[in-house]
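Close look at the chain arrangement
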Amino acid sequence: MASILNVDQIRNAAGTSSATIQSDGTFYPTGGIVQVKQSVITTTRQQLTGQTETAITGATVTITPKSTSSKILFSSAIPSIAYNPNTIKLALYRGSTEISALGHYADGNNWKPWTVAFQYLDSPSTTSATTYSIKCQLENGADVNGVYFNYSNGSAPAFSSNADSRGTVTVMEIAG
């Protein structure tokens, strides 16, 4: 006859750390990666202008955490260019709530390449599907050039035929 041992947690000898065995039988040590989700942005040369906060098409990813104690690590790498002078606000959202923001300033009267690079560790405290997205807003709404996402060449968009890229947004659930 086989032996069965029923436990909820396994602790080290000092009792200072443990790993939880989930009801579905999965085992995630604290700090371990539970799952990874990624979205590849396929809309190339996406232009945003004006002062209205606008979502970057494709810069959205949804994850359903396995535990309320999990943390979600969000990261992005979206090649972009901006025409100056322009101050650009980028905001990271969990659902409809802004949870982080960063700014970029383009100057010098020409196109400036840059990368939208977020890294943020969130504690959503839920096991419901959770959507993360990035929105952009320009300070100088009169600038008809604005900013282009998924565009990696440092020259004006009209003069470059081979500058499309593929940005990504990635979330990782980290066991709590």
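Structural notes, computed from the coordinates. (Residues numbered from 1 in each chain as written. Predicted model: local features only at pLDDT ≥ 70, side-chain atom pairs only at ≥ 80, totals over all residues. Heavy atoms only, no water.)

Re the side chain of Gln 46
Among the secondary structure elements, Gln 46 is positioned in strand 5 (residues 46-48). The class for Gln 46 is buried, based on a relative accessible area of 8%. When sequence neighbours within four positions are dropped, the list of residues in contact with Gln 46 reads Ala 55, Ile 56, Thr 57, Val 147, Tyr 148 and Phe 149. (Helix = DSSP H or I, 4+ residues; strand = E, 2+ residues; numbered from the N terminus. Buried < 20%, exposed > 50% of the residue type's maximum accessible area, 1.4 Å probe, protein only. Contact = heavy atoms within 4.5 Å.)

Details of the pattern of salt bridges
Proximity of charged atoms lets side chains of opposite charge pair with each other. A full pass over the atoms with the stated rule returns two salt bridges. Note that Lys 89 and Glu 98 form a salt bridge whose closest N and O atoms lie 3.1 Å from each other. When its relative accessible area of 36% is taken as the criterion, Glu 98 is described as partly exposed. With its nearest N and O atoms 2.6 Å apart, the salt bridge here joins Arg 94 to Asp 122. With Arg 94 in strand 8 (residues 86-94) and Asp 122 in strand 11 (residues 119-122), this pair connects stretches of sequence that are 28 residues apart. Judged by its relative accessible area of 25%, Arg 94 falls in the partly exposed class. (Salt bridge = Lys/Arg side-chain N within 4 Å of Asp/Glu carboxyl O.)

A look at the environment of Val 40
Among the structural elements, Val 40 can be located in strand 4 (residues 33-40). Assessed through its relative accessible area of 43%, Val 40 is described here as partly exposed. Here the alpha-carbon distance between Val 40 and Val 61, two residues 21 residues apart in the chain, equals 9.3 Å. When near neighbours in sequence (up to four residues on either side) are disregarded, Val 40 contacts Arg 166, Gly 167 and Thr 168.

Structural notes on the sheet that holds strand 12 (residues 130-138)
Strands pair in a sheet through their backbones, by hydrogen bonds, and they do so in one of two ways: parallel or antiparallel. Within the open sheet, the four strands sit side by side as 6-12-8-9. Their pairing is antiparallel. For this open sheet the edge positions go to strand 6 (54-63) and strand 9 (97-106), each flanked by a neighbour on one side alone. This sheet shows a mean twist of 15° between the axes of neighbouring strands, independent of strand direction. As judged from the nine bridges shared by strand 8 and strand 9, these two strands associate in the antiparallel manner. Of the residues in strand 9, the one forming a bridge with Arg 94 is Thr 97. (Pairing = 2+ DSSP bridges. Axes fitted to C-alpha atoms, helices over the stretch in contact; angles between N-to-C directions.)

Focus on the nonpolar core
Grouped together as the largest cluster of nonpolar side chains are 26 residues, with contacts concentrated most on Phe 74, Leu 90, Tyr 132, Ile 134, Cys 136, Val 147 and Phe 149. Ignoring sequence-local partners within four residues, the contact set of Val 147 consists of Gln 46, Gln 47, Leu 48, Ile 81, Ala 82, Ile 88, Trp 114, Cys 136 and Leu 138. (Core = buried A, V, L, I, M, F, W, Y, C linked by side-chain atoms within 4.5 Å.)

What about the environment of Ile 174?
Position of Ile 174 relative to the elements: it lies in strand 14 (residues 168-174). Classification of Ile 174 as buried rests on a relative accessible area of 17%. For the pair Ile 174 and Leu 121, spaced 53 residues apart in sequence, the C-alpha to C-alpha distance is 9.3 Å.

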